[in-house]
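So the chains spell out like this:
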Amino acid sequence: MNEKKSCPVISKHIKVALVGQPNVGKSMLINSVSNAHLQVGNFSGVTVDKTEVLFDYENHKFTVVDLPGTYAFTDYTIEERVTRDYLCAENYDIIINVVDSTNLAKNLQLTAELLTMSKRVVIALNMSDEAKKEGLEIDAKYMSELLGVSCVKVSAVTKEGIVELITTVIADFESSTYEVKLIFSEAVEEEIAKIVAYLQGHKYEAINSYRNIAINLLKNNKKTYEKLHDDPIWIELQPILIEASKHIELHHDSDDIKESFAEEYASFNRGIVAEVVKQSVQVEQKTLTEKIDNVLIHPIYGIPIFLFFMWTLFQLTFEIGAIPMDYIDAFFGWFGDAIGGTIPNDDVRSLIVDGIIAGVGAVVLFVPNIIILFIGIALLESTGYMSRVAFLLDGFFHKFGLHGQSFIPLVTGFGCSIPAYMSARILKNDRDRLLTLFIIGFMSCGARLPVYVLFAGAFFGPEMAGNILFMIYISGALLGIMAAKILKMTAFKGVDEPFVMEMPKYRLPSAKLIWHTVLTKTMMYLKKAGTFIAGASMLIWFLSNYPHNLVLQEEYAKKIESSTSETQKITLGNKLAESLLEQSYLGVIGKFSEPIFAPLGFDWKMSVALQTGLAAKEVVVSTLGVLYALGSDVDAENNSLVNAISKNIPFPSAVAFIVVIMIYLPCLAASVVFTREAGGVKYFFYLLAFTSITAYGLAFVAYNVTKMIV
Amino acid sequence: MKQLLDCQKGDKVKITKLNATNELKERLISFGLMKGVEVEVLEQAPRKKTIEIKIGKMRIALRAEEAKLIEVQEI
């Protein structure tokens, strides 16, 4: 806004790193801060792990980097790694440490670690309104004095203290004095003093204070060690350090220096809390959270209640999501025609209408389902119920080598694999996450539904088709769980990862925050999936339309001209389409790969449909439609395609085909997201091999078993 | 030695030792589970596969395998 002024006051740029433990209302706070001075931020979403928000306040330009919540400075989870790496290596001016006022002692554990860094810290005592309700009074001024760090009471909900927080950040940024008072027990202080004295005596040059260097050395901080290791003073310093560590460990009756320091921090924090927090009313009655938990994680009712919630979410996703689908479909049909009408060139029109618009339309079609699913998941996340479900299901999932929290990505997988792969991030441990990523594909996504509907309709009466569909979905899920067990026993063998998880307080979700999350995720889905699908559609279009065979076209054109009846013309037109396809690149590929799929009872047309299905499962139906010579204008409800399939495809081949569709690679867009989430191209090849071999093997079995029975 | 897993719903105990590997120990400590801290057992999932404990104002879920590694004593 100020840019319009010809001579702006010198504006300073302050880069703030926002750090806090999970569930302290960090996202809410960043929302309140940026909204109070609305200069729209650059929300980059889940892809880059950290979110940046830009805003101006008076003459200062703020960049706030919202780092993932972290309990401590370890690298146990992806989030913790992102946060630690950012804080240690990136350039920023000041840290805002967000803490939960209602649970200060626990939150200060992270604060204590932040204070040993050479950066300025401002502590935001968030949820001060909630603390007040619970009868907690925190003396922020006294706390600032005790810690030597500014502490500001804020509430992201009531927006109280937001301005004060910003002005404090500015003041601290500009002031030159800064002295953290983090005091340890006498034994530790003694050792610190020895090391500091040694560093002073040798005039060691460093940006960080001697005290912090000493603390980091005692804590076995790798980076500090690396720095000092190449310095000549190391030879003399090392024995001092060994001696110091021994003393501290002796003092704490432990052989683990990190544990000793954690205890040091904890006792320091207990001291701070005792000094600054006054509990006015001593309430030892059950909190609301405990009352809700008595019902929701009840040993008997807990799981049925969860299943009911999930059932409701699915009903909503598919029932409400289906309403706008027809409109979206109709819109893209109309849009394609309207655009097509303005393009004179046949090839260009076909590329744009049949290739791009149809392909992108297929993706946009699922946006309503995805929005509902995302809202449901955002609700699960923000209310705190998700952790309860993980608690309930961990026992069952653990048997199959999965983690309690795996259920969210798996459930999302029934909607679409792309958000499912992304939501696997909630799994903290790499191995658990990879295992979950590998079996998400077994949860049949919405795009496979048309294929199932088509085949169920072709071989079963309408009264059975619904049950068959349900069977397909259930057997997919069961196969997935079994696959998890097998993978766990082979590829992901190893000790079970521990399950230690916070059960956060139940909170009423903020509508604004949910809206925001859903919006960013949906936009990402549209952008990412849309671009890949558009590309893939163009490729399929090209492969099925080229090379042109003019001789064939002319030959048929003559035949069509000379034919008398309307039906004959249509038959000839379809025949032309079929012959053209047969000699197109796609047809050549199909013929070439036919022998590979012959043991499964597939003809070249089915082989091609499977291969185009690698781009997107929606394409399978339209490919089958084209190949069985009906023109590309078919959908699952098209009776003539149903007839053509029941006439041309033997039942055992159809069963094998469904099995392959159930198991093999979801789609191109999902594969790209999978590769990114798994963290390497090699994992994509593992997935490709795993799903292809499983699909082929099971389809082979299914084909032969069905052949024997029928 | 009594383990956290042996406790019943409603028991209040004090942690005396963490027998975990370094990585898990760090994790437990970052959740505030360390020597000298008092915890209360809030809930047990069916067949004691997972337990929920309360430490200070925080509720934490633990698998039986992890609860076995925490030595406690009655207060």
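## Observations concerning the overall build of chain A
Part 1: In terms of regular secondary structure, chain A is built from 31 helices and nine strands.
Part 2: Expressed along its principal axes, the backbone C-alpha trace of chain A runs to roughly 105 × 70 × 60 Å.
Part 3: Taking as baseline every contact in chain A between residues at least 6 positions apart, the subset at least 24 positions apart corresponds to 72%.

## Re the sheet that holds strand β1 (residues 12–20) of chain A
All names here are of chain A.
Part 1: Reading across from one edge, β2-β3-β1-β4-β5-β7 is the order of the six strands in this open sheet, with mixed pairing throughout. Edge positions in the open sheet fall to β2 (51–57) and β7 (151–153), since each of these has one partner strand only. Geometrically, the sheet is characterised by an average inter-axis angle of 25° between neighbouring strands, direction not taken into account.
Part 2: Two elements, β2 and strand β3 (residues 60–66), share seven bridges in a ladder whose sense is antiparallel. Bridging from a neighbouring strand, valine 53 pairs with valine 64 of β3.
Part 3: Along the sheet, helix α3 (residues 104–115) contacts β1, β4 (94–100) and β5 (120–126); its crossing angle with β4, the most-contacted strand, is approximately 165°.

## Focus on helix α8 (residues 210–218) of chain A
Part 1: The buried fraction of α8(A) is high, at seven of nine residues.
Part 2: Within α8(A) the residues assigned to the buried category are A:Asn212, A:Ile213, A:Ala214, A:Ile215, A:Asn216, A:Leu217 and A:Leu218.

## Notes on helix α2 (residues 78–89) of chain A
Part 1: Given a rise of 1.5 Å per residue, twelve residues ought to cover 16 Å, and the 16 Å separating the end C-alpha atoms of α2(A) matches this to within 8%.
Part 2: Here the buried face of α2(A) lies against β1 of chain A.

## A short note on the confidence of the model for chain B
Part 1: Summarising the model, chain B shows a mean pLDDT of 87, and 100% of its residues fall at 70 or more.
Part 2: Across the predicted assembly, pTM comes out at 0.72 and ipTM at 0.89.

## Here we look at the interface of chain B and chain A
Part 1: Contact residues are listed per partner, giving 30 residues for chain B and 30 residues for chain A.
Part 2: For the side of chain B that touches chain A, the secondary-structure elements that each account for two or more residues are α1 (22–30), β3 (38–44), β4 (50–55), β5 (58–63) and α2 (64–67) of chain B.
Part 3: The element best represented in the side of chain B that touches chain A is α1(B), accounting for eight residues.
Part 4: A per-class count over the side of chain B that touches chain A returns eleven nonpolar, six polar and 13 charged.

## Examining the pairing of β5(A)
Residue and element names in this part refer to chain A.
Part 1: Of all seven residues in β5, six are buried, a share of seventy percent or more.
Part 2: Pairing between β4 and β5: seven bridges, direction parallel. Among the inter-strand pairings, valine 98 is bridged to a residue of β5, identified as alanine 124.
Part 3: Following the chain from β4 across α3 to the adjacent parallel β5, one finds a crossover that is right-handed.
Part 4: Sheet analysis places β5 next to β7, joined by three bridges and oriented parallel.

The rules behind the values
- Residues numbered from 1 in each chain as written.
- Chains lettered and ligands numbered in written order.
- Predicted model: local features only at pLDDT ≥ 70, side-chain atom pairs only at ≥ 80, totals over all residues.
- Helix = DSSP H or I, 4+ residues; strand = E, 2+ residues; numbered from the N terminus.
- Contact = placed C-beta atoms within 7 Å.
- Pairing = 2+ DSSP bridges.
- Axes fitted to C-alpha atoms, helices over the stretch in contact; angles between N-to-C directions.
- Buried ≥ 20, exposed ≤ 12 C-beta atoms within 10 Å, placed from the backbone.
- Expected span 1.5 Å × (residues − 1).
- pLDDT = per-residue confidence, 0-100.
- Nonpolar A, V, L, I, M, F, W, Y, C, P; charged D, E, K, R; others polar.
- Right-handed = clockwise from strand over helix to strand, strands pointing away.

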